[in-house]
Amino acid sequence: MDLTRDERAILDGSRGEIPRKLLLTMVRFGEAMDAERLVPVEGPGHLVIPESKPGVGARTEFLESLVDAGVRAALPFTADPATILNETLSDLTDDQRQRLARAYPMEVRYREALTKLGLRDAGGLTCTPWFEEVANRPSYGQIVAWAESSAVVYANSVIGARTHRNPGIIDLISNVVGKTPLAGLLTDEGRRASWLVEVEAAGPINGQVLGYLVGREVGDGIPWVSGLADMLKGGEHPASGKFLRDFGTNASVGGGVGLFHLEGVTVEAKRYGRRLIRDDARRLTINAERIESVGASLRADRPVEELRPNKVLLGCPHLTYDQLCGWTDAVESELARAGRDRLAVETVFVAAPDVVSRFRAEHPGFATLALAGGHVGSFCLEAFMQDPILAPACVVTNSNKLRYYSRNVYMLDDEALLRVMVTGNAEGGAAPSTGAFSGTSPEDRA
Amino acid sequence: MPCLQGRALIAGEIAAPAAVSRVGFNPFASFCDQFDGGIDTAVCGDPQNAELFGEPLTGRIVLAPFCVGSTSAGPCWERMAELGLAPAGLLLPGDVDPLTAGGLILADVWLDTPIVCVDRLGPELLDRVETGDELRVGRDGVVSW
């Protein structure tokens, strides 16, 4: 790599051991990607390491060593959802709380260290930092150092910002060093499509299913996907924001997609057209039967009556404000229709803390939901399900990401989930969905 | 003795049996329920990986077409190295992805625990090596068996 005189001096130890190792990490990370050089990070970061759990977060001693060395990010960063330690889940037992406290003995020190290194505030603990309420939204073309797969793929594909799929801890190091390698997704050439995926199916198409399928096929390639522009009305359809979030999240789950282009929809596809497709791009055709087949494989493989779910979890990734309102309204209607005032199954909705604050302040359904036994929180459902102290025996959800990374999690469609919440089973006729409770916010349209 | 030449991203000399995945290897899904340690050997816990699910991975050399999954891969690789439960090495036919590279570099730089990684070994890698084959990896990125 082409290093500056200052960078060479730091690597020689001119500023001490911690700055040397931080920069060495970035240089070796860059060399792995054949980077030309390091370039400045231009906007606030987003980190995937919000909690002290080993293997999920950084080592607390490591963070504190950076603090002791006087390291701090120049721009305040956001990070993925916090642990469940401060949540008030109604069915969390005292025993579970005590075991949790023992399982996260470093949590207070960890958060203090992360704050000293530049964590913005508790409102910024979400996997959807670009939402209007959170306001960590990079601009088109801006170079940032983000992690969290679903956030990275959204920032690159829908916003047109430029970030690597940074792994946890590298995300922090990039932001405290203030530099990231110029390679791959940060370059014009590295953003060209390596796959041409032609979708031959009439809409509506489930974004989660198609994204997961594309990810499985292209791995860490960059897909150019045609055949969706009419369905999404060039990104102007009200459902396009949700589709793009679902598609990207699941393309990164199924494979390692950090950037996709949807012909006639996403920002760079519109701006540059098919010039973005590499000459050696591989081709893939996906028809309706294939989508249906994959979709069926993701859905629960047995009836709800047999599953007997003891929790409904919604919000992986975190819900938008409109989704939260839509679900609340749907729950209220369904409770009234069923002549009930309590949910039959413990139901948890999660969204960014700033989104929840807005919901609490502006939407009358918040109180109704609480009275009915619903819980609105801001923790990470994936972490919740992976925690042996917390994981319920059986969960139903509408998130393929949560299903993929967890055990005993089953996918249902929204109408079936609504019936399960209210009646405990999936039978009977829930009010027809208007799409409202899976709706989109204006800010996340393409 | 058949051999392939790749790029030694994390250089080292190792000899160990292969664990071959024909689908993308997901480190987080493979290891996330073993972060508490207290075990001698980590096994692949990713039910989506039919070939490696339940297979011991500690001290083995993992071969995969590529790695997939979450950006949590960084702390994941570092944690497995810290616990002494990581695979001895990782071999890839194409370019290593940033998530894997970052995690392995963290373990090497900050824990001084290298997980040997050779990428760019070519597509024949996965055609010619089977699970259980004894592999040797040299510091120069030569893989032989």
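For the structure, see preceding data.
Only a predicted model underlies this, so the values are computations on that prediction, with no experimental measurement involved.

### Examining the sheet that holds strand E3 (residues 14–20) of chain B
Residue and element names in this part refer to chain B.
- Judged by pairing direction, the sheet is mixed, and its eight strands sit side by side in the order E1-E8-E7-E3-E4-E5-E6-E2 without closing on themselves. Unpaired on one side and paired on the other, strand E1 (3–5) and strand E2 (7–10) mark the two borders of the sheet. Ignoring which end each strand starts from, the neighbouring axes of this sheet average 25° apart.
- Sheet analysis places strand E5 (residues 89–91) next to strand E6 (residues 116–119), joined by three bridges and oriented parallel. If you follow Gly89 over to E6, its bridge partner there is Val116.
- Sitting on the sheet, helix H3 (residues 98–111) touches E2, E5 and E6, and the angle it makes with E2 is about 60°.

### Considerations on the side chain of Gln142 of chain A
Residue and element names in this part refer to chain A.
- Mapped onto the elements, Gln142 comes out in the loop between helix H5 (107–117) and helix H6 (149–159).
- A relative accessible area of 19% means that Gln142 is categorised as buried.
- Within the structure, Gln142 has its side chain in polar contact with the backbone oxygen of Glu42 (distance 3.1 Å).
- For Gln142, the contacting residues outside a window of four places in its chain are Glu42, Gly43, Ala161 and Arg162.

### Quick notes on helix H2 (residues 73–82) of chain B
Residues and elements named next belong to chain B.
- Taken across its 10 residues, H2 has nine buried, putting it largely inside the fold.
- Looking at H2, one finds that the buried residues are Ala73, Gly74, Pro75, Cys76, Trp77, Glu78, Arg79, Met80 and Ala81.
- Buried residues along H2 sit in contact with helix H1 (27–31), E5 and H3.
- At the exit of H2 stands Gly84, carrying a positive phi of roughly 75°.

### Quick word on the nonpolar core
- Of all hydrophobic cores here, the largest spans 151 residues; its most connected members are Leu172, Leu210, Leu262 and Met421 of chain A.
- For this core, the element with the highest residue contribution is H3 of chain B, accounting for eight residues.
- Residues within four places of Leu262 of chain A in sequence aside, it is in contact with Val225, Leu228, Leu232, Phe243, Leu244, Phe247 and Ala269 of chain A.
- Counting 19 residues, the second-largest nonpolar core is a separate cluster that includes Ala18, Ile61, Val116 and Leu125 of chain B.

### Brief notes about the packing of aromatic side chains
Residues and elements named next belong to chain A.
- One pass over the full model with this rule turns up 15 aromatic pairs over all chains.
- Ring centres 5.4 Å apart and planes at 80° place the aromatic pair Trp130 and Phe131 in the edge-to-face group.
- Trp130 sits in the buried class, given a relative accessible area of 3%.
- Given the relative accessible area of 0%, Phe131 is considered buried.
- The interplanar angle of 75° and the centroid separation of 5.7 Å between the aromatic rings of Phe359 and Phe366 together place this pair among those described as edge-to-face.
- Here Phe366 falls in the buried class, since its relative accessible area comes to 17%.
- Note that Arg358 overlies the ring of Tyr321, its terminal NZ or CZ placed 3.7 Å from the centroid.

### Here we look at the pairing of E3 of chain B
All names here are of chain B.
- E3 sits mainly inside the fold: five of its seven residues count as buried.
- Judged from the four bridges that link them, E3 and strand E7 (residues 134–137) form a sheet pairing that is antiparallel. Considered in E7, the bridge of Ala16 is made with Leu135.
- Judged from the three bridges that link them, E3 and strand E4 (residues 61–63) form a sheet pairing that is parallel. Note that in E4 the partner of Ala18 across the bridge is Ile61.

### Examining the interface of chain B and chain A
- The interface of chain B with chain A comprises 38 residues on the first partner and 43 residues on the second.
- Here chain B meets chain A over a buried area of about 3400 Å², counting both sides, of which 57% is carbon and sulfur.
- Broken down residue by residue, the surface that chain B buries against chain A is led by Gln48, Thr71 and Trp110 of chain B, which jointly contribute 22%.
- Viewed at the interface, chain A and chain B are joined by five salt bridges.
- Notably, a salt bridge pairs Asp34 of chain A with Arg120 of chain B, separated by 2.4 Å at the nearest N-O pair.
- Summed over the shared surface of chain B and chain A, the number is 13 residue pairs in polar contact (both at pLDDT 80 or more).
- Those elements that provide at least two residues to the side of chain B that touches chain A are E2, H2 and H3 of chain B.
- No other element matches the 11 residues that H3 of chain B contributes to the side of chain B that touches chain A.
- Taken together, the residues that form the side of chain B that touches chain A break down as 19 nonpolar, 10 polar and nine charged.

### A short note on the pattern of salt bridges
- Under the definition given, this model contains 33 salt bridges over all chains.
- With a closest N to O distance of 3.6 Å, Asp121 of chain A and Arg120 of chain A form a salt bridge.
- A salt bridge links Glu130 of chain B to Arg22 of chain B; the shortest N-O distance between them is 3.3 Å. Of this pair, Glu130 of chain B sits in the loop between helix H4 (125–128) and E7 while Arg22 of chain B sits in the loop between E3 and H1, and the two are 108 residues apart along the sequence.
- Take Glu130 of chain B: its relative accessible area is 43%, and that puts it in the partly exposed class.
- A single network of salt bridges, built from pairs that share partners, joins Asp34 of chain A together with Arg7, Asp95, Asp119 and Arg120 of chain B.

### As for the sheet that holds strand E5 (residues 193–200) of chain A
Residues and elements named next belong to chain A.
- Taken in spatial order, the four strands of this open sheet run E7-E6-E5-E8, and their pairing is parallel. Edge strands, defined here as strands with exactly one partner in the open sheet, are strand E7 (261–262) and strand E8 (277–287).
- Bridging between E5 and strand E6 (residues 223–226) involves four bridges; their strand directions are parallel. Residue pairing for E6: Trp195 is matched across the bridge by Pro223.
- Sheet strands in contact with helix H8 (residues 207–218) are E5, E6 and E8, and its direction is about 140° off that of E5.
- Along the sheet, helix H11 (residues 288–298) makes contact with E5 and E8, crossing E8 at roughly 70°.

### Quick look at the side chain of Arg59 of chain A
- If you trace the backbone, Arg59 of chain A turns up in the loop between strand E2 (46–47) and helix H3 (60–68).
- The contact partners of Arg59 of chain A, leaving out residues within four places of it in the chain, are Glu78, Glu82, Trp110 and Leu111 of chain B.

### Quick word on the packing of H8 of chain A against helix H9 (residues 240–254) of chain A
All names here are of chain A.
- It is at 7 Å that the axes of H8 and H9 come closest, and there the two elements cross at 30°. In terms of orientation, H8 lies roughly parallel with respect to H9. Along this stretch, H8 crosses H9, giving a crossing that reads as right-handed. Between H8, through Gly207, Gln208, Leu210, Gly211, Tyr212, Val214, Gly215 and Arg216, and H9, the contact on the second element is made entirely by Phe243, Asp246, Phe247, Asn250, Ala251, Val253 and Gly254.
- Split into classes, the residues belonging to the contact of H8 with H9 amount to seven nonpolar, six polar and two charged.

About the cut-offs
Residues numbered from 1 in each chain as written. Chains lettered and ligands numbered in written order. Predicted model: local features only at pLDDT ≥ 70, side-chain atom pairs only at ≥ 80, totals over all residues. Heavy atoms only, no water. Pairing = 2+ DSSP bridges. Helix = DSSP H or I, 4+ residues; strand = E, 2+ residues; numbered from the N terminus. Axes fitted to C-alpha atoms, helices over the stretch in contact; angles between N-to-C directions. Contact = heavy atoms within 4.5 Å. Buried < 20%, exposed > 50% of the residue type's maximum accessible area, 1.4 Å probe, protein only. Polar contact = N/O pair within 3.5 Å; in protein donor to acceptor, adjacent residues only side chain to side chain. Core = buried A, V, L, I, M, F, W, Y, C linked by side-chain atoms within 4.5 Å. Phe/Tyr/Trp six-rings, centres within 6.5 Å; stacked < 30°, edge-to-face > 60°. Lys NZ or Arg CZ within 6 Å of the ring centre and 35° of its normal. Buried area = accessible area lost by both parts, 1.4 Å probe. Salt bridge = Lys/Arg side-chain N within 4 Å of Asp/Glu carboxyl O. Nonpolar A, V, L, I, M, F, W, Y, C, P; charged D, E, K, R; others polar. Parallel < 35°, antiparallel > 145°, perpendicular 65-115°, else oblique. Left-handed = near helix turned anticlockwise from the far one by under 90°.

Nothing here speaks to function; it is all geometry.
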